[in-house]
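Per-entry structural report
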Amino acid sequence: MHTPHADVVIAGCGPTGAMLAAELRLHDISVIVLDKDTEPAPASRIVGLHIRSLELMAMRGLLDRVLHNGRRRPAAGFYAAIPKPAPTGLDTPYAYMVGIPQPVINRLLADHATENGAHIRPGHTVTGLHQDDHGVTVELAHGEPLRARHLVGCDGAHSTVRKLLGVAFPGEPARNDTLMGEMEADTPPEEITATLARLRDHHQRLWLRPAGPGLYTVVVPAATVTDRTEPPTLDDFRRQLHALTGTDFGVHSPRWLSRFGDATRLADHYRVGRVLLAGDAAHVHPPIGGQGLNLGVQDAVNLGWKLAAHIRGWAPDTLLDTYHAERHPVAAAVLDNTRAQMELSAAEPGPQAVRRLLTELMDIDAVNRRLIEKITAIDIRYDFGEGPDLLGRRIPDIDVKHGNLYSLLRHGRGLLIDRTERLTTGGWSDRVDHLADPTAGLDVPSVLLRPDGHVAWIGDDQRDLDAHLARWFGR
Ligand SMILES: Cc1cc2nc3c(=O)[nH]c(=O)nc-3n(C[C@H](O)[C@H](O)[C@H](O)COP(=O)(O)OP(=O)(O)OC[C@H]3O[C@@H](n4cnc5c(N)ncnc54)[C@H](O)[C@@H]3O)c2cc1C
């Protein structure tokens, strides 16, 4: 048996891997994050961070950095890009979306992981793995293998870790590829706008959006679906623009060019022994509604404390398996809502008629709110068994004495919010904090929150609380 280099090796330092590393570090778990790339990916597309992710950023003290680097927008207009105002009554102080370039959020999360003590190693490609009773040996394209107690594959849609595990990835293959890039255009802006306005009803995937003086983010359907091993060229963009609009708008001087598909797939298993999957390695879907990065970051926050507890030795036997049990259905629901949004965006008369109908129904505030709650992931209710509706849900950032609730969750520990002032966390006080606060903005006597902010128990009875503390935080 080799001495482990780290408790956990994470393959992939995208948003999921970086967030997971930081979460593990909250529990003093040693982490090495490997990434095959030596430089951040250049494609500087703007991604949307939705409410639940913003809540998690607030919880871990990252929201100010995100807001400083991104742009706040209304929580509206992203369900199938149907333009509607934000619904009223969203149950959160963070009722907005933040648009932020993906390289920037990736960097913020990687910095957060490093500041918390994770070791990030760029230029390290995972090529093989072997697990035994004591740990996992991780083989690299260059250099000595690494040994860890656990490996987590956060290595994106084409995950090597998932393939090495032989985990099935069923779903639908890509039907359409889309080209996306940033480049200059010689055609005057007003001419571009007029040409696109004429074509808007027929081509939902055709945009030239200003990205700076003379600079545009260009999106255009690709001619064919490919395996994406070959990067697109400027000529691919020119040809497709010409075919759809009659002009290539004189595009030139590309800053970056990329291609993405609309495959929809979900891994059968999120855990095989000591190896786990998270983020795009576990699920892929078209980017409509902007959910993939959000989903991956939320996987990471669900998994981090559980894997840490497992390594520390206090996790109840089944705790680590609740990661798959909770997150697999969430991803399945996201895949379904992207399927629905893709149908609503198809150009045929049938889907267009359904789109008009839904557009009308979204004038009902409750319908609009329900759809936005889905995409922003504040509707999630994990199945913790019978109980009040609040059980298994996240609670918003309510006021508590001396401040706000989320600031008390910064260190990734459990929290008892005790409005009765007569409960105790007893033998669990090394992993669960206790806030005795009769003024806390809740309409139940007390709640036990997990480190990811989900409600694990509601009540006022100490023995019942002890049983639930044991269920989630060990004996
Ligand atoms: C056009 C477009 C727009 C999008 N907009 C949004 C949006 O608005 N909101 C949203 O939430 N999501 C959006 N997404 C989705 C989002 O980009 C992804 O879901 C997100 O990047 C997934 O993060 P990840 O960390 O799981 O994987 P990735 O970001 O793919 O990161 C995986 C990392 O693993 C590394 N890696 C791969 N193989 C290996 C290996 N063998 N060894 C070591 N390292 C390896 C890679 O270099 C990479 O750094 C969009 C996607 C596209 C294409």
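Details of the structure are given in the entry above.
These notes cover the structure that comes with them. Remember, it's a predicted structure, so these values are computed and weren't measured experimentally. (Residues numbered from 1 in each chain as written. Predicted model: local features only at pLDDT ≥ 70, side-chain atom pairs only at ≥ 80, totals over all residues. Heavy atoms only, no water.)

With that settled, consider helix α8 (residues 292-312). The first and last C-alpha atoms of α8 sit 30 Å apart over 21 residues, in line with the 30 Å expected at 1.5 Å per residue. Along α8, the helix axis deviates most sharply at Leu303, where the bend reaches about 30 degrees. Among the 21 residues that make up α8, 19 are buried, leaving the element largely enclosed by the rest of the structure. Following α8 by one or two positions, Gly313 has its phi on the positive side, about 95 degrees. (Helix = DSSP H or I, 4+ residues; strand = E, 2+ residues; numbered from the N terminus. Expected span 1.5 Å × (residues − 1). Bend = angle between axes of the 7 residues up to and from the residue. Buried < 20%, exposed > 50% of the residue type's maximum accessible area, 1.4 Å probe, protein only.)

A word on the site of the ligand. Every one of the 29 residues lining the ligand counts as a neighbour, but Asp35, Gly48, Gln102, Leu293 and Asn294 are closest to it. Within the side chain of Thr16, one N or O atom sits 2.8 Å away from an oxygen atom of the ligand. Taking Lys36, its main chain carries an N or O atom lying 3.1 Å from a nitrogen atom of the ligand. Its free accessible area being 1000 Å², the ligand has 86% of it covered by the protein chains. With three residues, α8 is the largest single contributor of residues to the shell around the ligand. Residues that form the shell around the ligand fall into these classes: nine nonpolar, 14 polar and six charged. (Near = heavy atom within 4 Å. Polar contact = N/O pair within 3.5 Å; in protein donor to acceptor, adjacent residues only side chain to side chain. Areas by Shrake-Rupley, 256 points an atom, 1.4 Å probe, with all protein chains shown as cover. Nonpolar A, V, L, I, M, F, W, Y, C, P; charged D, E, K, R; others polar.)

Taking a probe equal in size to a water molecule and rolling it over the atoms shows the remaining empty space. Of the volumes computed, that of the second largest pocket is approximately 460 Å³. As for the second largest pocket, its lining consists of 28 residues, and the residues nearest its centre are Glu326, Pro329, Val330, Ile380 and Tyr382. Top element by residues in the lining of the second largest pocket is helix α9 (residues 322-344). It accounts for eight residues. The residue inventory of the lining of the second largest pocket, partitioned by class, reads 16 nonpolar, six polar and six charged. (1 Å grid on protein atoms, 1.4 Å probe; cavity = no way out; pocket = protein on both sides within 12 Å on 5 of 7 lines; lining within 4 Å. Points joined across faces, edges and corners; volume = space filled by probe spheres on them.)

With that out of the way, let us pick up the packing of helix α1 (residues 15-25) against α8. Viewed as axis vectors pointing N to C, α1 and α8 meet at an angle of 30 degrees, and their least axial separation amounts to 8 Å. In terms of their interaxial angle, α1 and α8 are classed as roughly parallel. The hand of the α1/α8 crossing is right-handed. Taken together, the residues of α8 that come into contact with α1 (itself represented by Pro15, Thr16, Met19, Leu20, Glu23 and Leu24) are Leu293, Gly296, Val297, Ala300, Val301, Leu303, Gly304, Leu307 and Ala308. Across the contact of α1 with α8, the residue classes break down as eleven nonpolar, three polar and one charged. (Axes fitted to C-alpha atoms, helices over the stretch in contact; angles between N-to-C directions. Parallel < 35°, antiparallel > 145°, perpendicular 65-115°, else oblique. Left-handed = near helix turned anticlockwise from the far one by under 90°. Contact = heavy atoms within 4.5 Å.)

Our focus in this paragraph is the sheet that holds strand β24 (residues 455-458). Spatially, four strands are ordered β22-β21-β23-β24 in an open sheet, and the strand pairing comes out mixed. One side of each edge strand has no neighbouring strand; the edge strands of this open sheet are β22 (432-436) and β24. Along the sheet, successive strands turn relative to each other by an average axial angle of 15 degrees, direction set aside. With five bridges joining them, strand β21 (residues 414-418) and β22 adopt parallel strand pairing. Across the sheet, the residue bridging to Ile417 is Leu435, located in β22. (Pairing = 2+ DSSP bridges.)

In this section: a nonpolar patch on the surface. Together, Leu357, Leu361 and Ile364 make up an exposed nonpolar region whose accessible area comes to about 260 Å². According to the relative accessible area criterion, Leu361 is partly exposed, its value standing at 36%. (Patch = residues over 30% accessible without salt bridge, like charges linked within 9 Å, V, L, I, M, F, W, Y side chains within 5 Å. Salt bridge = Lys/Arg side-chain N within 4 Å of Asp/Glu carboxyl O.)

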